[in-house]
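# Tertiary structure, described
Below, each chain spelled out in residue letters.
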Amino acid sequence: MSSDLPASREGRRAAFVGFSAATLVVLGIYVGSRRFKDFDTALVPYAAAAAFAACALGYRYAMWLGRPPTYRYFRQTLSLLFTPGKILSRWTALLRGAFRTAGSQRFVYRRSPLRWASHLCLMWGCLLSFAITFPLSFGWIRFETARNSQDVYEAFVFGVRVFRTSLDSPLASLLFNALVGSAGLVIVGVMLALYRRGRDRGVLAIQDGAADLVPLVLLFAVSATGLLLTVSTQFMNGYKYDSLSQVHAVTVVLLLLYVPFGKLFHLVQRPTQLGIHVYREVAAAGEQATCVRCGEPFASAMQIADLKRVQAEVGIRYALRAGKHYQDVCPPCRRKNLALLQDGLWRDARRPNAREEA
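No experiment lies behind these values; they were computed from the predicted model shown.

### Topic: a nonpolar patch on the surface
- Together, L136, F143, L167, L171, L174, L175 and F176 make up a nonpolar patch on the protein surface, roughly 550 Å² of accessible area in all.
- Per element, the largest residue contribution to the nonpolar patch is four residues, and it comes from helix 7 (residues 170–199).
- Among the secondary structure elements, L174 is positioned in helix 7.

This is the structure in structure tokens:
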């Protein structure tokens, strides 16, 4: 990836990726719903918002991936994952890292147990709701009662019946209330996050309303209105169901439109960043770079080589004499060199004054 690539070319490429992502969503709806046969026209706003979000996400993701550091890391990670003879071990390391970070959120727990609890509830609540609502909205999955019995429920995936279950079975109850559980997890996560943000003075000093509070408000609005739909159906005989469904649709559309432009974009970035675990393991097991000043190993040779390439691509020149590079100097020696340089400058600044006093 060259850093002198014209900005207009980067923009055109990102726009192409965005429109391609939106096209894939529309094609997925068309094919998965059997040419819109299983697609509910009442869900057109959801589908349109999803297509727009896919376009914006593709554009922003392409722009982010086009940065020299990100592109270098992404390209190196792909080469490591598909190295002949190492594919199984590298993908195992990737899955292990995914569980440690995305699955259990252990890196958040080390910072704050309360923050970890809120992140865990928000993540699993959102993932569960996305896994249910998107296939249902796109017509990929549908449920209907059997033709020969009103007490039997049938599930279809891409038009193919996959199982049947009785309406009073535990499985049916689980299917009917899966979104209720996901909404409950999201609401608990939002409440914990707001509680932490309201009590932590450090967070209060730096938090931004648009970046930190708006996504929480949107997630709460979507979950709360979704729960109200269930309450209206099961406990209020459908009272105000139409109005509540319209309000819920508005909140969902607003959330989908916000994802590409706000803090929730990290949901798309995180899978790419999981490759850092593979990178670290391979780098730690490989050749180590040694300092040209003290001769001690201080980092992996692969990481230092990639860092040199990225700096060259962005126009940073840290070359030294005899073919050496500033990145070949370990951090302790850099601090020592800086201290020696400051001491020399200080001595030179004091010498004229000493001569004047003499």
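### Remarks on the side chain of T165
- In this structure, T165 sits in strand 3 (residues 160–166).
- A relative accessible area of 9% places T165 in the buried class.
- Within the structure, the side chain of T165 is placed 2.6 Å from the side chain of S169, a separation counted as a polar contact.

### Thoughts on the environment of D168
- Along the chain, the position of D168 falls in the loop between strand 3 and helix 7.
- When the C-alpha atoms of D168 and A21 are compared, they prove to be 40 Å apart, with 147 residues separating the residues in sequence.

### Describing the pairing of strand 3
- Two strands pair when backbone bridges link them, and strand 2 (residues 149–157) and strand 3 are joined in this way by six bridges, in the antiparallel orientation. Across the sheet, residue V152 finds its bridge partner in strand 3, namely S166.
- Adjacent in sequence and paired antiparallel, strand 2 and strand 3 are bridged by two residues, among which F158 carries a positive phi angle near 55 degrees.

### Side note on the UniProt feature "transmembrane region" (unreviewed entry) in the protein
- The positions UniProt marks with the feature "transmembrane region" (unreviewed entry) are residues 12–31, 43–62, 120–141, 174–195, 216–235 and 247–265.
- Measuring from the first to the last C-alpha atom of residues 12–31 gives 28 Å, for a span that is 100% helix and 0% strand.
- As annotated, residues 120–141 has a helix share of 86% and a strand share of 5%, and its two end C-alpha atoms lie 27 Å apart.

### Description of the nonpolar core
- Core analysis: the largest hydrophobic core is formed by 23 residues, its most contacted members being L122, V186, V190, L219 and L255.
- Of all elements in the fold, only helix 2 (44–65), helix 6 (113–138), helix 7, helix 9 (209–235) and helix 10 (241–258) reach the threshold of two or more residues within this core.
- Per-element accounting of this core gives the leading share, six residues, to helix 10.
- Excluding its chain neighbours within four sequence positions, the residues that come into contact with L255 are L218, L219, V222 and L264.
- Core analysis: the second largest hydrophobic core is formed by nine residues, L80, A93, L94 and A98 among them.

Conventions adopted
Residues numbered from 1 in each chain as written. Predicted model: local features only at pLDDT ≥ 70, side-chain atom pairs only at ≥ 80, totals over all residues. Heavy atoms only, no water. Patch = residues over 30% accessible without salt bridge, like charges linked within 9 Å, V, L, I, M, F, W, Y side chains within 5 Å. Areas by Shrake-Rupley, 256 points an atom, 1.4 Å probe, with all protein chains shown as cover. Salt bridge = Lys/Arg side-chain N within 4 Å of Asp/Glu carboxyl O. Helix = DSSP H or I, 4+ residues; strand = E, 2+ residues; numbered from the N terminus. Buried < 20%, exposed > 50% of the residue type's maximum accessible area, 1.4 Å probe, protein only. Polar contact = N/O pair within 3.5 Å; in protein donor to acceptor, adjacent residues only side chain to side chain. Pairing = 2+ DSSP bridges. UniProt positions renumbered as here; feature names shortened; annotations may be inferred. Core = buried A, V, L, I, M, F, W, Y, C linked by side-chain atoms within 4.5 Å. Contact = heavy atoms within 4.5 Å.

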